[in-house]
Amino acid sequence: ISGREIGVPVRREGRVAYGLFATLDANELSQLLRSQLSDETSVAAIADADGRIVARTRSPELYIGKPLSAPLAAAVRENPAGAGRFPVYDAPDAYSAWTPVPGTRWTVVLGRPAASVEAALKRSIGALAALLVIVLVASSLFAWLIARRLADVIHAVADAAVAMSEGKPAGAIASRVEEVRTLMQALARASSRLAAAEGERRNAAQEQDRLLEEERR
């Protein structure tokens, strides 16, 4: 699986004339996710509405397209956001937190190795519950922050596509991600071509009306 498409319908006179699509490269999406993760022992992933991995910080070439582990997938289906201990593909169990990407049917999952978490917790039995809560809350918050950043990019691209479908120019997006800038430049060029084509269509219609008027005379 090399990427995921997002698209919006382009309507003319209340009817869908065609669709406008943009492809998000899975590897680039994994790199974007990895850039937000400072702890190399942790792993983060994005799952689609079917629970299949569309991006992953560790070995994405091996796991993109595969489903989440069965226990984690069941928990994600049951609750849109949460945390708990679950198995992962390429490591022992991890404490994982997940949260939806706003405006999409995707979910961001962040996992931290259970061994390292529990080793720290065992140093103080009395603080076990408190530290576990802190780890889960921090993981949930970090997953939410990643989800917000991804949502901003996805929404901005979708807004530009909607603007194009309404005959408006695609607005610029300030982003430090090269792939996002490249995509927006492509949308801007497409917007210009659509505007030119629409202008030619109007001119042709006006010329046809003029010729019909002359024939009536």
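Everything numeric in this text was worked out from a predicted model, so none of it was measured.

On to the packing of aromatic side chains, then. Tallied over the entire structure, the rule returns two aromatic pairs. Ring centres of Y63 and Y89 lie 5.2 Å apart, and the angle between their planes is 20°; on these two criteria the pair is classed as stacked. Of the two residues, Y63 sits in helix 2 (residues 60-63) while Y89 sits in the loop between strand 5 (82-86) and strand 6 (94-100), which places them 26 residues apart along the sequence. Judged by its relative accessible area of 11%, Y63 is buried. For Y89, a relative accessible area of 37% corresponds to the partly exposed category.

A separate point is the sheet that holds strand 4 (residues 53-56). If you walk across this open sheet you meet the five strands as 4-3-7-6-5, and the pairing is antiparallel. Strands at the two margins of the open sheet, each flanked by one partner only, are strand 4 and strand 5. For this sheet, the mean inter-axis angle between neighbouring strands, taken without regard to orientation, is 25°. Strand direction decides the pairing type here: strand 3 (residues 43-47) and strand 7 (residues 107-113), joined by five bridges, are antiparallel. Counted as the bridge partner of A44 is L110 from strand 7. Across the sheet, helix 1 (residues 26-35) lies against strand 3 and strand 4, angled at about 50° from strand 4, the strand it touches most.

Turning our attention to the confidence of the model for the protein chain. Across the protein chain, pLDDT averages 76, with 66% of residues at or above 70. For the protein chain, the element scoring lowest by mean pLDDT is strand 1 (residues 3-12), at 67; helix 3 (residues 70-78) scores highest, at 94.

Here A49 shows up in the loop between strand 3 and strand 4. By relative accessible area, which is 41% here, A49 ends up partly exposed. Put simply, A49 and P100 are 51 residues apart on the chain and 10.0 Å apart in space, counted from C-alpha to C-alpha.

Attention shifts here to unusual backbone geometry. Positive phi is not limited to glycine here, since S59 has a value of about 50°. Counting through the fold element by element, S59 comes out in the loop between strand 4 and helix 2. On the basis of relative accessibility, which here comes to 25%, the residue S59 falls in the partly exposed class.

As a further point, take empty space enclosed by the protein. Taken as a whole and assessed by the stated rule, the structure comprises one cavity of 30 Å³ or more. The volume enclosed by the largest cavity comes to roughly 170 Å³. Lining of the largest cavity is provided by 14 residues; of these, A45, R56, L68, L72 and V88 occupy positions nearest its centre. Elements supplying a minimum of two residues to the lining of the largest cavity: strand 3, strand 4 and strand 7. Examining the composition of the lining of the largest cavity, we find that three residues originate from one element, strand 3, more than from any other.

Reading guide: rules and limits
Residues numbered from 1 in each chain as written. Predicted model: local features only at pLDDT ≥ 70, side-chain atom pairs only at ≥ 80, totals over all residues. Heavy atoms only, no water. Phe/Tyr/Trp six-rings, centres within 6.5 Å; stacked < 30°, edge-to-face > 60°. Helix = DSSP H or I, 4+ residues; strand = E, 2+ residues; numbered from the N terminus. Buried < 20%, exposed > 50% of the residue type's maximum accessible area, 1.4 Å probe, protein only. Pairing = 2+ DSSP bridges. Axes fitted to C-alpha atoms, helices over the stretch in contact; angles between N-to-C directions. Contact = heavy atoms within 4.5 Å. pLDDT = per-residue confidence, 0-100. 1 Å grid on protein atoms, 1.4 Å probe; cavity = no way out; pocket = protein on both sides within 12 Å on 5 of 7 lines; lining within 4 Å. Points joined across faces, edges and corners; volume = space filled by probe spheres on them.

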